[in-house]
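Chains, contacts and geometry: an overview
Chain by chain, the residues run as shown.
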Amino acid sequence: MIIGLTGSIATGKSTVANRFKEHGIPVVDADLIARQVVEPGTATLQKIKEAFGEDALLADGTMNREEIGRQIFGNEEKRKVLNGIIHPAIRQEMLRQKDVYVAQGEKIVILDIPLLFESKLEHFVEHIVVVGTTPEIQKQRLMARNDFTERQAEERIASQIPITDKMEWADDVIQNDGTLDELYGQVDSLVAEWKQALSE
């Protein structure tokens, strides 16, 4: 079973991903891979340097995020160029890691993709789990976690597909508006359900 795990900002997806890991289920993390594919010496970083100039790299050979951010800010064309370099590299590496786990005999592999729906990657997975909460709780968490004003939190949430839509499109929803124990309970019963289905 290839499971897609997604949510929205501040819905608690990372906590759920860690719980899956505690069950011994491998998690392929898109955010982590996004950092790995632009490490010094990678082909992806070389392409970024060619597209954005010498200033795209810092003296230590790492990506100059500030400079790239400056170049793509308000420039849709350059943003597309950057995404066109980075996204294929992330997808390729995600599929590579998934294939390694499958080859090792793992029965369940989770692809943790924050922007699963936004990036239209539903075809990567067989089953989608969305970590959801109410928009109000989402906003409060974001304000507390990132020290955002209410307006900043609302803007960040508005930049993603509404969590209510994602919950409707999911095969399973893990509702994260209660205690940590309640959250873990939902994850645990999903894992039990999957293992049961696979053993039949």
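Everything numeric in this text was worked out from a predicted model, so none of it was measured. (Residues numbered from 1 in each chain as written. Predicted model: local features only at pLDDT ≥ 70, side-chain atom pairs only at ≥ 80, totals over all residues. Heavy atoms only, no water.)

1. A word on the UniProt feature "binding site: ATP" (unreviewed entry) in the protein chain
The condition is simple: UniProt positions are given in the numbering used here, feature names are shortened, and annotations may be inferred rather than shown by experiment. Secondary structure elements follow DSSP: runs of H or I no shorter than four residues count as helices, runs of E no shorter than two count as strands, and numbering proceeds from the N terminus. The criterion used for residue contact is that any of the two residues' heavy atoms lie within 4.5 Å. Polar contacts here mean pairs of N or O atoms no more than 3.5 Å apart (in protein, one a potential hydrogen donor and the other a potential acceptor; neighbouring residues in sequence count only if both atoms are side-chain atoms).
According to UniProt, the feature "binding site: ATP" (unreviewed entry) maps to Ala-10, Thr-11, Gly-12, Lys-13, Ser-14 and Thr-15 in the numbering used here. Following the sequence through the fold, Thr-11 ends up in the loop between strand S1 (2–6) and helix H1 (13–22). What Thr-11 contacts, discounting residues up to four positions off in sequence, is Val-131, Gly-132, Thr-133, Gln-138, Arg-141, Ile-163 and Asn-176. At 2.9 Å, the side chain of Thr-11 and the backbone oxygen of Ser-8 are in polar contact. If you trace the backbone, Lys-13 turns up in helix H1. If we skip the residues at most four places from it in the chain, Lys-13 touches Leu-5, Thr-6, Gly-7, Asp-112, Pro-114 and Val-131.

2. Some remarks on the sheet that holds strand S2 (residues 27–29)
The strands that make up a sheet are held in pairs by hydrogen bonds between backbone atoms, and each pair lies either parallel or antiparallel. Threshold: By the convention used here, strands pair only if DSSP detects at least 2 bridges between them. Here an angle of 0 to 180 degrees is reported between the N-to-C directions of two axes, which are lines fitted to C-alpha atoms, with helices fitted over the stretch in contact.
Strand order in the open sheet formed by five strands is S2-S3-S1-S4-S5, and the pairing between neighbours is parallel. Each end of this open sheet is capped by a strand with a single partner; those strands are S2 and strand S5 (172–175). On average, adjacent strands in this sheet sit at an angle of 25 degrees to one another, irrespective of strand direction. Pairing analysis gives three bridges linking S2 to strand S3 (residues 109–112), with the strands arranged parallel. Bridge pairing in S3 places Asp-29 opposite Asp-112. Each of S1, S2, S3, strand S4 (127–132) and S5 is contacted by H1, which is oriented at about 150 degrees to S1, the strand it contacts most.

3. Regarding helix H3 (residues 43–52)
The periodicity of an α-helix, 3.6 residues per turn, causes residues three or four places apart in sequence to face the same way. Put simply, the test is: Burial classes follow relative accessibility: with a 1.4 Å probe on protein chains only, a residue under 20% of its type's maximum area counts as buried, one over 50% as exposed, and anything between as partly exposed. The directions considered for the arc run from the helix axis to the C-beta atoms.
Of all the residues in H3, the buried ones are Thr-44, Leu-45, Ile-48 and Phe-52. On an axial view of H3, the arc spanned by its buried residues comes to 95 degrees, and they lie on one face. For H3, the exposed residues set more than 90 degrees away from the buried face come down to Ala-43 and Glu-50. For H3, the secondary structure elements touched by its buried residues are helix H4 (65–72) and helix H5 (76–103). Looking one or two residues beyond H3, the residue adopting positive phi is Gly-53, at roughly 90 degrees.

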